[in-house]
Amino acid sequence: MSTRRKSIVAGNWKMNLDAAKARSLTEAIAAGAKQTGSVDLVLCPPALYATTVAAALGLAAGVAPSGVALGGQNAHDKESGAFTGEVAPGMLRDIGSRYCILGHSERRTLFGETDATVNAKVKAVLAAGLTPIVCVGESLAERESGRTEAVVTEQVLGSLAGIPADDLATIVVAYEPVWAIGTGKVATPQQAQDVHALVRALLGRLSSPTVADTIRIQYGGSVKPDNAAELAACPDIDGALVGGASLKADDFLAIAKAFG
Ligand code: PGA
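Here the residue index of a chain counts from 1 through its sequence in written order. With pLDDT at 70 or above as the cut-off, local features in this predicted model cover only qualifying residues; side-chain atom pairs require 80 or more to be listed or tallied, and sums for whole chains, interfaces and linings still use all residues. The basis for the side-chain values is all heavy atoms of the structure; hydrogens and waters are excluded.

1. Some thoughts on the pattern of salt bridges
One side-chain nitrogen of Lys or Arg within 4 Å of one carboxyl oxygen of Asp or Glu is enough to make a salt bridge. Per the stated rule, a full pass over the model turns up 14 salt bridges. Arg 5 is the partner of Asp 238 in a salt bridge, and the nearest nitrogen-oxygen pair spans 3.0 Å. Pair noted here: Asp 238 is in the loop between helix 11 (225-232) and strand 8 (239-242) and Arg 5 is in the segment before strand 1 (7-12), with a separation of 233 residues, a long-range link. Among the residues examined, Asp 238 registers a relative accessible area of 0% and is labelled buried. Here a helix means four or more residues in a row that DSSP labels H or I, a strand means two or more in a row labelled E, and each is numbered from the N terminus. Type-normalised accessible area, obtained with a 1.4 Å probe on protein chains alone, sets the label of each residue: buried when under 20%, exposed when over 50%, and partly exposed for intermediate values.

2. What to know about helix 7 (residues 148-159)
Multiplying 1.5 Å by the residue count of a helix minus one yields the expected span of that helix. Taking 1.5 Å per residue, twelve residues should reach 16 Å; helix 7 reaches 16 Å between its end C-alpha atoms and fits that length. When helix 7 is considered as a whole, its buried residues turn out to be Thr 148, Val 151, Val 152, Thr 153, Gln 155, Val 156 and Ser 159.

3. What to know about helix 11
Buried within helix 11 we find Asn 227, Ala 228, Leu 231 and Ala 232. Down the axis of helix 11, the sector holding all buried residues measures 140°, keeping them to one side. Along helix 11, the residues that are exposed and aim more than 90 degrees away from the buried face are Asp 226 and Ala 229. We call two residues in contact whenever any of their non-hydrogen atoms come within 4.5 Å of each other. Contacts made by the buried residues of helix 11 are with helix 9 (189-206), strand 7 (216-220) and helix 12 (249-259). The arc in question is the one spanned by the directions pointing from the helix axis to the C-beta atoms.

4. Some words on the pairing of strand 8
A two-sided burial pattern is seen for strand 8, the buried positions comprising Gly 239 and Leu 241 on one face and Ala 240 and Val 242 on the other. In this sheet, strand 8 lies alongside strand 1 in parallel orientation, the contact comprising four bridges. Looking at the pairing, Gly 11 lines up with Val 242 of strand 8. Of the pairings in the sheet, the one linking strand 7 to strand 8 comprises two bridges and is parallel in character. Bridging across to strand 8, Gly 220 finds its partner in Leu 241. Consider the strands pointing away from the viewer: the crossover is right-handed when the path from the first strand over the helix to the second runs clockwise. Handedness of the crossover is the feature at issue here: the chain leaves strand 7, passes through helix 11, returns alongside strand 8, and the resulting connection is right-handed. DSSP bridges decide pairing: two strands pair if at least two such bridges lie between them.

5. Structural notes on the side chain of Ser 222
Within the secondary structure, Ser 222 sits in the loop between strand 7 and helix 11. In the analysis that follows, any N or O atom pair within 3.5 Å is treated as a polar contact, provided that within protein one partner can donate a hydrogen and the other can accept it, and provided that, for residues neighboring in sequence, both atoms belong to side chains. A polar contact of 2.6 Å, which involves the side chain of Ser 222, links it to the backbone oxygen of Ala 180. Within polar-contact distance, the side chain of Ser 222 engages the backbone nitrogen of Gly 184 at 2.7 Å. In this view, Ser 222 contacts Ala 180, Gly 182, Thr 183, Gly 184, Lys 185, Val 186 and Asn 227; residues no more than four positions away in its chain are not counted.

6. A look at the sheet that holds strand 4 (residues 99-102)
On the basis of which strands lie adjacent, the closed barrel formed by eight strands has the order 1-2-3-4-5-6-7-8 and parallel pairing. The average undirected angle you get between the axes of adjacent strands in this sheet is 25°. Where helices are involved, their axes are fitted lines through C-alpha atoms of the stretch in contact, as for all axes, and angles between N-to-C directions lie from 0 to 180°. Packed onto the sheet, helix 9 meets strand 6 (172-175) and strand 7 and runs at close to 145° relative to strand 7.

7. So, the site of the ligand
To be near a molecule or strand, a residue needs just one of its heavy atoms within 4 Å of it. Among the 13 residues in the neighbourhood of the ligand, the closest are listed as Lys 14, His 104, Glu 176, Gly 182 and Ser 222. A distance of 2.7 Å separates an oxygen atom of the ligand from a polar atom in the side chain of Lys 14. A distance of 2.7 Å is found between an oxygen atom of the ligand and a side-chain nitrogen or oxygen belonging to Glu 176. Accessibility throughout is a Shrake-Rupley quantity obtained with a 1.4 Å probe, and a residue counts as covered only by protein chains that appear here. When the free accessible area of the ligand is taken as 280 Å², the share hidden by the protein chains comes to 97%. Amino acids are sorted into nonpolar (Ala, Val, Leu, Ile, Met, Phe, Trp, Tyr, Cys and Pro), charged (Asp, Glu, Lys and Arg) and polar (every other residue, Gly among them). Among the residues making up the shell around the ligand, the classes are represented as four nonpolar, seven polar and two charged.

Structure representation (C-alpha cells):
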C-alpha cells in the first residue's frame, strides 16, 4: 500500500447468491463500511442482482451514503444491438455502477476472451464513463515453466493497447495468479509484489512513470482476513479483488480494514 494511492477493495460475487442474500450481504457491508478506514469499496454482483444491490446501497448518481460503489463483472464491447444474453457498459452505468471487472481469468479460460477482446471492452467501458478493473495473471503451468513475466507482460500490453495516458490514469489493474484463485493458495507477498512492480513498470511504458505511479493495482487470489495485512504492507499492492471471502460481510470488511 502506498500513501500516494488510496486502496480499493472489490468483491467479485461471481455467479452466487440469490436476491434476498444479495440484499442482506449488501446491507451488512454498507453498515460496516464506515469502520474500514480510507479505502474504496466496490461490490460486483451478478448482473441480474445489480439493481437489487443498487437499491440496498441507496445509490443515487453512483454515490451511496455508505460510500460503497457498485461494479459489473463483465460487459460487452458494443453500446447496444443484437447480442443475446449480453450486458452493455451503458446499462451498467445506467443503474448506478461505477466500475466493471474485465478479462477475469474465468472469462479468459471458460469464455474464450483474449487480450484483443479485453482491449475492446476496456475501451467501451471507459467510453461509458466506468472504471475498468482489468485482470491479468499467469496459470500454474506458466509460473512453473518460468513464463510469469512474459505472460503478464503480454496481457498488460495487449489488454491496454491504445488507451490514452489520461484514461490509463483512471483504471484499476488486478493481478490474479490463476493458481491462487479459489484454491486457498495465496501468492506470497514477495511473489505478488514482484509482479505488481512489473505491472507498474509496464503501465509506465504505456503512459509515463508519473502516471503509472497513480494507478491502483489490486492483488486477487484467495485473499482472506488472515493474509490481507501482509499483502497490504507491500508497496505496490493497492487493494484486493476478493472472490470467496467477499460473500461473507465480516470477512470482506476485515480485508477492507487491512487496506484502510
Ligand atoms: P478468490 O477469487 O478470492 O475466491 O480466490 C478471486 C477472484 O476470482 O477474483
